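# Inside the fold
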Amino acid sequence: MPSIVKMDTILSDKISIRAIVVDGDKVYYGADKKRIGFKSLLNASKFERAISYDSLSFEFRSCAVTNNYVYFLNVGNPAVLYRFSKDLKVKEVVYTEKHEKVFYDSMQFWNDLEGIAVGDPTDNCMSIITTKDGGKTWNKIPCSQLPSVVDGEAAFAASNTNIVLKGNSVWIVSGGKKSRVFYSSDKGATWTYYETPIVQGEAMTGIFTADFHNEKIGFVAGGNYEKQTQNFQNKALTTDGGKTWKLVGENTGFGYASCVQFFPESNGNKLLSVGGTGVFASNDKGTTWTQLSADNSFHTIRFLNKTTAILAGKNKIVRMQFSE
């Protein structure tokens, strides 16, 4: 089982961070109070700016990078998607959407040209926008091309992990009154959905986070945000690309989870999670878990390599190094 061998705080501030992305020697972050920025992994240098749009105080919970740009997307109405230069000094608005229900949760890119973002339903389907020109223009997929949602089904902007991309595939997870996995094998052209055994039926239940090791082995987690210690029906594994899910780690390990990620180069065996009951690790695809830290202030995780991860959340970004 992995253990923490070293931990250093690389950013400390009065801040809430739910979206990070590692790009070379930088960690880009989206935060509350209109703030975006990056922190160097090599030294103490950082850059941060507040983004104004009609004097609104945005919170950024979606962040993605390509070779040439960094993208940030806020939660709430109006939705405003920005494309920035890598130094964050030049920005342009590339997509806006106004609707009383608009609330975007997560964003990822397959490559330098093709990207996708997901938000809560404004109609009878999940809100899904895509780009094919490097984020310069975005188009919303019509509900006629997407599975319908049930009343009260949405997504959670907990850690920018509602979307997972592998190859041409994309998985999107939902929660609330219904908790499912929406799947496309062709970068969003056609869609289907799969049921999950994760707890659901209430506004704050369901899948909050997902990750895939490859196109077959995947993991979802979450639970009941209002019952943070409830550690059953909150973890599930797939070995067939999301078609079927099996509950694992029942009545053991973590409760509510905001983010789960596979350790790189672990053959899909090792997992790390953060959430309401601390930091946990598994080395058997989620069957058993060990608490590495009781710190429950982390919201999101991204790995640098097989033994180093960046964790961010309330008031800090931390680099954590693990034993193999």
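The structure this text deals with has already been given above.
Here is what the cut-offs are and how they apply
Residues numbered from 1 in each chain as written. Predicted model: local features only at pLDDT ≥ 70, side-chain atom pairs only at ≥ 80, totals over all residues. Heavy atoms only, no water. Disulfide = S-S within 2.5 Å. Helix = DSSP H or I, 4+ residues; strand = E, 2+ residues; numbered from the N terminus. Core = buried A, V, L, I, M, F, W, Y, C linked by side-chain atoms within 4.5 Å. Buried < 20%, exposed > 50% of the residue type's maximum accessible area, 1.4 Å probe, protein only. Salt bridge = Lys/Arg side-chain N within 4 Å of Asp/Glu carboxyl O. Pairing = 2+ DSSP bridges. Axes fitted to C-alpha atoms, helices over the stretch in contact; angles between N-to-C directions.

According to the stated counting rule, one finds one disulfide in the structure shown. Across a sulfur-sulfur distance of 2.0 Å, cysteine 125 and cysteine 143 are joined as a disulfide pair. Looking down the S-S bond of the cysteine 125 and cysteine 143 bridge, the torsion is -80°, so its handedness is left-handed. Of this pair, cysteine 125 sits in the loop between strand 10 (115–119) and strand 11 (127–131) while cysteine 143 is found in the loop between strand 12 (139–140) and strand 13 (153–154), placing the two residues 18 residues apart along the sequence.

What follows covers the nonpolar core. Core analysis: the biggest nonpolar cluster contains 17 residues, and Tyr28, Val70, Phe72, Tyr82, Phe84 and Leu88 have the highest contact counts within it. Sorting the residues of this core by element identifies strand 1 (4–23), strand 3 (35–40), strand 5 (59–65), strand 6 (69–75) and strand 7 (79–85) as the ones contributing at least two each. If you look at the next biggest cluster of nonpolar residues, it comprises 16 residues, including Cys125, Ile141, Leu146 and Leu165.

Here the focus is the pattern of salt bridges. Side-chain pairs of opposite charge can arise whenever the charged atoms involved come near each other. Considering all chains together, one arrives at 14 salt bridges under this definition. For lysine 306, the salt bridge identified is with glutamate 324, shortest N-O distance 3.4 Å. One end of the pair, lysine 306, is in the loop between strand 27 (298–305) and strand 28 (308–322); the other, glutamate 324, is in the segment after strand 28, and 18 residues separate them in sequence. Taking the relative accessible area as the measure of exposure, lysine 306 reaches 32% and is therefore partly exposed. We classify glutamate 324 as exposed; its relative accessible area is 68%. Counted as one network, the salt bridges with shared partners bring together Asp13, Asp32 and Arg35.

This part takes up the sheet that holds strand 18 (residues 192–195). Within a beta sheet, neighbouring strands are joined by backbone hydrogen bonds and run either parallel or antiparallel to one another. Taking strand neighbours across the sheet as the criterion, the four strands line up as 14-15-17-18 in an open arrangement whose pairing is antiparallel. The open sheet has two edge strands with one neighbour each: strand 14 (163–166) and strand 18. Shown here is a sheet whose adjacent strand axes are inclined to one another by a mean of 20°, direction ignored. By the bridge criterion, four bridges tie strand 14 to strand 15 (residues 169–173) in an arrangement that is antiparallel. Among the inter-strand pairings, lysine 166 is bridged to a residue of strand 15, identified as serine 169.

We now examine the pairing of strand 10. Among the five residues in strand 10, five count as buried, and that is most of the element. Because side chains alternate across strand 10, one face comprises the buried residues Gly115, Ala117 and Gly119, and the other comprises Ile116 and Val118, equally buried. Two elements, strand 9 (residues 104–109) and strand 10, share five bridges in a ladder whose sense is antiparallel. Across the sheet, methionine 107 pairs through a bridge with alanine 117, a residue of strand 10. Between strand 9 and strand 10, which pair antiparallel and follow one another directly, the connecting turn spans five residues. Of the pairings in the sheet, the one linking strand 10 to strand 11 comprises five bridges and is antiparallel in character. When the bridges of strand 11 are listed, isoleucine 116 appears paired with threonine 130.

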